[in-house]
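Here are the chains, one letter per residue:
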Amino acid sequence: MTLKEIIAKKERLILDGGMGSQLINYPEYSGKDPSLLNITHPEIIRAVHKSYVDAGSQLIIANTFDVNPKRYENYAEIIAAAIENAKVAGAPYVGLDIGPIGELMYPMGQLKPETAYEYFEAVVKEGVKCGADFIIIETMIDQNEMKEALSAAKNNSSLPVIVSCAYGKRGRLMTTGGKPEDVVAIAESLGADAVGANCSFGPDLMIPIIEAYKTLTDLPIWAKPNAGLPQVVDGKPVYTTGVEEFKEYMKQIEKIGATMIGGCCGTTPKYIEAIK
Ligand SMILES: [Zn+2]
């Protein structure tokens, strides 16, 4: 069975956890650009991926979250290194990670939709060339930017494509106020293989989002919450939801209907092991 078929059959798939929360274990690299570590210190990135593979993650997200032609002239080189790092670490499936471009899109900002599309297209083409197994468009806070990324992914690959948004506390997208129904409408009309939520807050506050998705769509659902809301201690984010509590909430999220489950910021291989 292809990954696309496995996702469509809504088989249980274990995702990975936070990358940044693991890089903290390597203080000598804190403050360095995590995307460039793919090239300068591949052994660190591989070690983090491997810790998740060992914990039971089946879908590993390559370290390409903010890699695009606007931010990095050598984006192609970084993407190639990142995908290679995940493969070498033994990832069963490697995801090309696509985050927001990093500039607000028109009408909130200056970024034109067609320019965003061109950036996303360049990233997708490179990811496909390097052998990614799926595409995860994540932490989206503007459904219109998500739409450009999804179009670029569908027009330039036959890989499974998942779209995942970061919601605010009221269940709306931070920049546009978009709701789960807006996200689902775009996901369905452009042929996304799954729809999801990630980051922003802990699994407790993600429950209503997953419930909303479940009533709105038959698409498979992806859930990757943070380990709680971060509290700033000594200038660093500290996450407050422990492994056991996280696991109990993820059980509920699965019961509601999410089939692809993992963690975002603040989660570690221990969280993934517990979910598994
Ligand atoms: Zn996150």
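See above for the structure.
For the structure given in this document, a descriptive report is provided here. These numbers were taken from a predicted model, which means no experiment stands behind them.

1. Here we look at the layout of surface pockets
Then, in step 1: Quantified by volume, the largest pocket comes out at close to 930 Å³.
Then, in step 2: For the largest pocket, the lining is made up of 39 residues, of which Met 19, Gly 20, Ser 21, Leu 23 and Pro 34 are closest to its centre.

2. Regarding the coordination of the zinc ion
Then, in step 1: Taken together, the protein donors to the zinc ion comprise Cys 199 (SG), Cys 264 (SG) and Cys 265 (SG), at separations of 2.2 to 2.3 Å.
Then, in step 2: Between consecutive donor residues of the zinc ion, the sequence gaps follow C-x64-C-C. One end of the pair, Cys 199, is in strand β6 (residues 194-199); the other, Cys 264, is in the loop between β10 (260-261) and α11 (269-275), with 65 residues separating them in the sequence. Accessibility classification places Cys 199 together with Cys 264 in one group, the buried group.

3. Quick look at helix α9 (residues 203-216)
Then, in step 1: The terminal C-alpha atoms of α9, which comprises 14 residues, lie 20 Å apart, in line with the 20 Å expected from a rise of 1.5 Å per residue.
Then, in step 2: Within α9 the residues assigned to the buried category are Pro 203, Met 206, Ile 207, Ile 209, Ile 210, Ala 212 and Tyr 213.
Then, in step 3: Where α9 is buried, its residues contact β5 (161-165), α8 (180-189), β6, β7 (221-225) and α10 (243-256).

4. Regarding the sheet that holds β6
Then, in step 1: Ordered in space as β1-β10-β7-β6-β5-β4-β3-β2, the eight strands form an open sheet in which the pairing is parallel. This sheet does not close on itself; its edge strands, each paired only once, are β1 (13-14) and β2 (59-61).
Then, in step 2: By the bridge criterion, two bridges tie β1 to β10 in an arrangement that is parallel. Looking at the pairing, Ile 14 lines up with Ile 261 of β10.

5. Overview of unusual backbone geometry
Then, in step 1: The linkage connecting Tyr 106 with the following residue, Pro 107, adopts the cis geometry, with an omega of 5°.
Then, in step 2: Tracing the chain through its elements places Pro 107 in the loop between β3 (93-98) and α6 (113-129).
Then, in step 3: Positive phi is not limited to glycine here, since Thr 139 has a value of about 55°.
Then, in step 4: Within the secondary structure, Thr 139 sits in strand β4 (residues 134-140).
Then, in step 5: The class for Thr 139 is buried, based on a relative accessible area of 15%.
Then, in step 6: Here Ser 200, not a glycine, exhibits a phi torsion of approximately 60°, which is positive.
Then, in step 7: The residue Ser 200 is located in the loop between β6 and α9 in this model.

6. Some points on the pattern of salt bridges
Then, in step 1: With the rule as written, the count across this model stands at ten salt bridges.
Then, in step 2: For Glu 11, the salt bridge goes to Lys 9, with nearest N and O atoms at 3.9 Å.
Then, in step 3: Exposure remark for Glu 11: the relative accessible area of 34% places this residue in the partly exposed category.
Then, in step 4: Between Lys 154 and Asp 193 there is a salt bridge, with its nearest N and O atoms 3.4 Å apart. Taken together, the residues Lys 154 in helix α7 (residues 143-156) and Asp 193 in the loop between α8 and β6 connect sequence positions 39 residues apart.

7. Here we look at the side chain of Ser 21
Then, in step 1: Locating Ser 21 in the fold gives a position in helix α2 (residues 20-23).
Then, in step 2: On the accessibility criterion, Ser 21 (15% relative accessible area) is buried.
Then, in step 3: From its side chain, Ser 21 meets the backbone nitrogen of Gly 266 in a polar contact 3.4 Å long.
Then, in step 4: Not counting chain neighbours up to four residues away, the residues in contact with Ser 21 comprise Cys 265, Gly 266 and Thr 267.

8. Topic: the nonpolar core
Then, in step 1: Ile 135, Ile 137, Tyr 167, Ile 210 and Tyr 213 are the most contacted members of the largest nonpolar core, which has 76 residues in total.
Then, in step 2: A per-element tally of this core places α6 first, with seven residues.
Then, in step 3: When sequence neighbours within four positions are dropped, the list of residues in contact with Tyr 213 reads Cys 165, Tyr 167, Pro 180, Val 183, Val 184, Val 195, Gly 196, Ala 197 and Ile 221.

9. Quick look at α10
Owing to its 3.6 residues per turn, the α-helix aligns residues three or four sequence positions apart on the same side.
Then, in step 1: Along its 14 residues, α10 runs 20 Å from first to last C-alpha, staying within 8% of the 20 Å computed at 1.5 Å per residue.
Then, in step 2: Of all the residues in α10, the buried ones are Phe 246, Met 250, Ile 253 and Ile 256. The arc that holds every buried residue of α10, seen down its axis, measures 105°, which confines them to one face.
Then, in step 3: In this structure, the buried side of α10 is in contact with α9, β7, β10 and α11.
Then, in step 4: Gly 257 lies just past α10 and shows a positive phi near 140°.

Quick notes on the rules
Residues numbered from 1 in each chain as written. Predicted model: local features only at pLDDT ≥ 70, side-chain atom pairs only at ≥ 80, totals over all residues. Heavy atoms only, no water. 1 Å grid on protein atoms, 1.4 Å probe; cavity = no way out; pocket = protein on both sides within 12 Å on 5 of 7 lines; lining within 4 Å. Points joined across faces, edges and corners; volume = space filled by probe spheres on them. Donors = N, O, S within 2.8 Å, 3.2 Å for Na, K, Ca; no water. Helix = DSSP H or I, 4+ residues; strand = E, 2+ residues; numbered from the N terminus. Buried < 20%, exposed > 50% of the residue type's maximum accessible area, 1.4 Å probe, protein only. Expected span 1.5 Å × (residues − 1). Contact = heavy atoms within 4.5 Å. Pairing = 2+ DSSP bridges. Salt bridge = Lys/Arg side-chain N within 4 Å of Asp/Glu carboxyl O. Polar contact = N/O pair within 3.5 Å; in protein donor to acceptor, adjacent residues only side chain to side chain. Core = buried A, V, L, I, M, F, W, Y, C linked by side-chain atoms within 4.5 Å. Arc of directions from axis to C-beta.

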